[in-house]
Structure formats: structure tokens, C-alpha cells
Amino acid sequence: MELVKDAQIAKAIILSPDFETYSMANRYRELSRRTEMDFSAAVKLLEHLPVFIGGENHQRIRKVMAKQISRTKESQLAAVHQSLGDLFQHCFRPAAKIDLVADFAQPLWRSVSASIVPRDDKILDLVDEIPGLFSPILSIRERAKINEKIAAFLQSNFGAEDEDERLILLCLASLGARPFVGTLSLSLYEIFRSHPNLPMCEMSWPEAFPSSSLTYVDRMCQATTDYTDLKLETGDRVRCVTQSPSYSVDENRRALFGFGVHTCLGKSISERVWSLVTHRLSKSDLRGECVGIEMSPHDDPFKMPIKIEIRLH
Ligand code: HEM
């Protein structure tokens, strides 16, 4: 696999018609053949995840997702306002210790995802577990468990009568889970860490997320191509780094939600949440002290915090 660590080349590859998305469904077909285990529910789901598909199927699924995002926009926002109100009332008090992942970003995410898929704990848990399928090191047993849960979901008729539509909604919410929770909590951590000893009302709050839990996207080369030092052949897998400390603030910001036909469909709600969160925090005279951060060792392609503790003074 080729690693592209240049912001301009990474963007050019993501936008180029000579590159396609990586097929995760084919990986599970192969795994099925190798292990003689049934991963057909996972394969079906992965064929509906727009980051792993292309062409007309991608366009069709993306359209249904965009419609659902716009149809549920008002209820997503109302849920976020409600959830933020509760969180600020209960968590943000002097001497409180908060886990920015479990006590803050995760409940906010639940309020958004419950507006996209039916408000049912089993489905919302599945939404959060599905990204585990993308990890290169998850055990086969864990993959099989997720496959079983997807199969059970397919047999239910939650949310929509039509299986295809039900799967699309599940995929939409699943693609938001880790980027939303990780990016929000890592960004807040980054700000508290870089402003020690300052009350929140005196900190400078950036307009965009300063940190992201999704730092690269993969593409497959479809034709021999040449980018100065980099020669690529048909079938080569390329990892395009989109977020890096070596890029400028502007380059990181522009690439945060991807480029072109696969640009993130959750961009608008995520940006809105960031501006609501930072607006409320910037009114507080509390000070956040970073106590510790624990990162997950196996959440590829996501850089996920398990726990981020801050103490308020
Ligand atoms: C701050 C939070 C988020 C970040 C940083 C983020 C980042 C990204 C990036 C970089 C991509 C492009 C992937 C690629 O080109 O292969 C993407 C795609 C996508 N995101 Fe997000 N995302 C976030 C939140 C969300 C949320 C909340 C949702 C759903 C409600 C969502 C749904 C999607 C979907 C459906 C796609 C696939 C689009 C396509 O392939 O056509 N994202 N996201």
C-alpha cells in the first residue's frame, strides 16, 4: 500500500476519476471463503456503505441518505439542543470530573443518531458497533457477532418496510458514529490542553474542529498514474492522509469532511453541533483541567479515544 502524505496530492487522488473506493464487501467475501463462515449479512450491509462503493449504486444510496438527513434535520437539531441543555445542567459544575467521550460526545451522538434511525437501544448499539467491521485486527469471532446482529436487524422491520431502505438508514447512522464522537471529544481535549489555567470564557474557540478521528481515506488505482515521485499501477491501494500535523491549519480544515462525490453527508449537523457546543462553553467561567486521555489500540481507520478525563474548577 502506498502512503500519500502530501495534502495537494491526497486531494488530487480523492478527486480523480482514476481512483475508486476500496471494496470492504470483497474482503468479507474472501473471509467467508477462507473460514467457511457466513458473513452474508455483513457483505449486504457493506454494499450499502457509500464510502466503500462507487458508480450508480453509490449515487442512488447517497441520494436516499441525503433525503433522510434533510427530512430529519429539524428533529436532529431539536434533539441536540435538548441533550446539550441536559449535559450543561448536569455535567458542567465546579469540581465535577467529566469523561468527554462517555459523558459528553456519546450522549450527544445518541441524540443525533436516534433522529436518523428508529429510537431503539439495540439498533443504536448496532450503529456504534458496525464500524468495528472496518478494523483490520478485529477477531473473526467479533466480526461474526456483528454479522449476526446485522442479520437479526434485516429480519426485523424496524423503521422502514423495505429492507434496502432500512439498511441505508443503518449505514448512514453507522458512518457518523466514530467520526462524530471521536472528533468532538478529541477537539475539546485539544483546546483544554492548549489553554491550561484559562477559564473557558477567556479561551479562543476555533470555528472548525481542530482535531479529527478520521485522518486518512483509502482509494484503489484504476489506471497507471504518475504524481511526481509516486507511480501508481491499476490495483494499487493508496492511503491518502487528509489530516496531519505537517499540514497547514487551512489544509486540515478543508480536508476534514473529505472531497468530491464522497464528501461527508454529516458535515452540516457536525459543524452545527461544534458551533453550539463552543458557543455554550465560551460563556462559562469554569476552567477545564486535562486529567488524562486513553486511546483505543484497535479502532482503525479511526483514531478513537476510549476515555478523556477533565476536571472542572
Ligand atoms: C465531525 C464529524 C465527522 C467527520 C470528521 C467526518 C468525516 C468524513 C469524511 C472525511 C468522509 C469522506 C470519506 C471518503 O472520502 O472516503 C465522510 C463521509 C461520510 N460521512 Fe462523515 N464525518 C463526520 C460526521 C458524520 C456524521 C454525523 C454522519 C451521519 C449523520 C456522517 C455520514 C457520512 C457519510 C454517509 C459519508 C459517506 C459519503 C459518501 O461516500 O458518499 N459523517 N465523513
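In this report, the structure presented in the accompanying data block is examined.

1. Some thoughts on the overall build of the chain
Looking only at helices and strands, the chain has 11 helices and nine strands in total. In terms of overall dimensions, the chain has a C-alpha envelope of 55 × 50 × 35 Å along the principal axes. Per-residue burial for the chain yields a buried fraction of 35% across its 313 residues.

2. Brief notes about the pairing of strand β4 (residues 216-221)
Inspection of the sheet shows strand β2 (residues 19-21) paired to β4 by three bridges, in the antiparallel sense. The partner of T21 across the bridge, within β4, is R219. As judged from the five bridges shared by β4 and strand β7 (residues 237-241), these two strands associate in the antiparallel manner. Counted as the bridge partner of V217 is C240 from β7.

3. As for the sheet that holds β7
Pairing between the strands of a sheet comes from backbone hydrogen bonds, and it takes one of two forms, parallel or antiparallel. If you trace the four strands from one edge of the open sheet to the other, you get β1-β7-β4-β2, paired in mixed fashion. The open sheet is flanked by β1 (2-4) and β2, the only strands paired with a single partner. Each strand axis lies, on average, 35 degrees off the axis of its neighbour in the sheet, ignoring direction.

4. Overview of the site of the ligand
In the vicinity of the ligand there are 25 residues, among which P50, G176, G258, C264 and G266 approach most closely. If you list the elements that add at least two residues to the shell around the ligand, you get α4 (55-71), α9 (163-194) and α11 (267-281). Per element, the largest residue contribution to the shell around the ligand is six residues, and it comes from α9. Of the residues in the shell around the ligand, the class split is 17 nonpolar, seven polar and one charged.

Reading the values: rules and limits
- Residues numbered from 1 in each chain as written.
- Predicted model: local features only at pLDDT ≥ 70, side-chain atom pairs only at ≥ 80, totals over all residues.
- Helix = DSSP H or I, 4+ residues; strand = E, 2+ residues; numbered from the N terminus.
- Buried ≥ 20, exposed ≤ 12 C-beta atoms within 10 Å, placed from the backbone.
- Pairing = 2+ DSSP bridges.
- Axes fitted to C-alpha atoms, helices over the stretch in contact; angles between N-to-C directions.
- Near = placed C-beta within 6 Å.
- Nonpolar A, V, L, I, M, F, W, Y, C, P; charged D, E, K, R; others polar.

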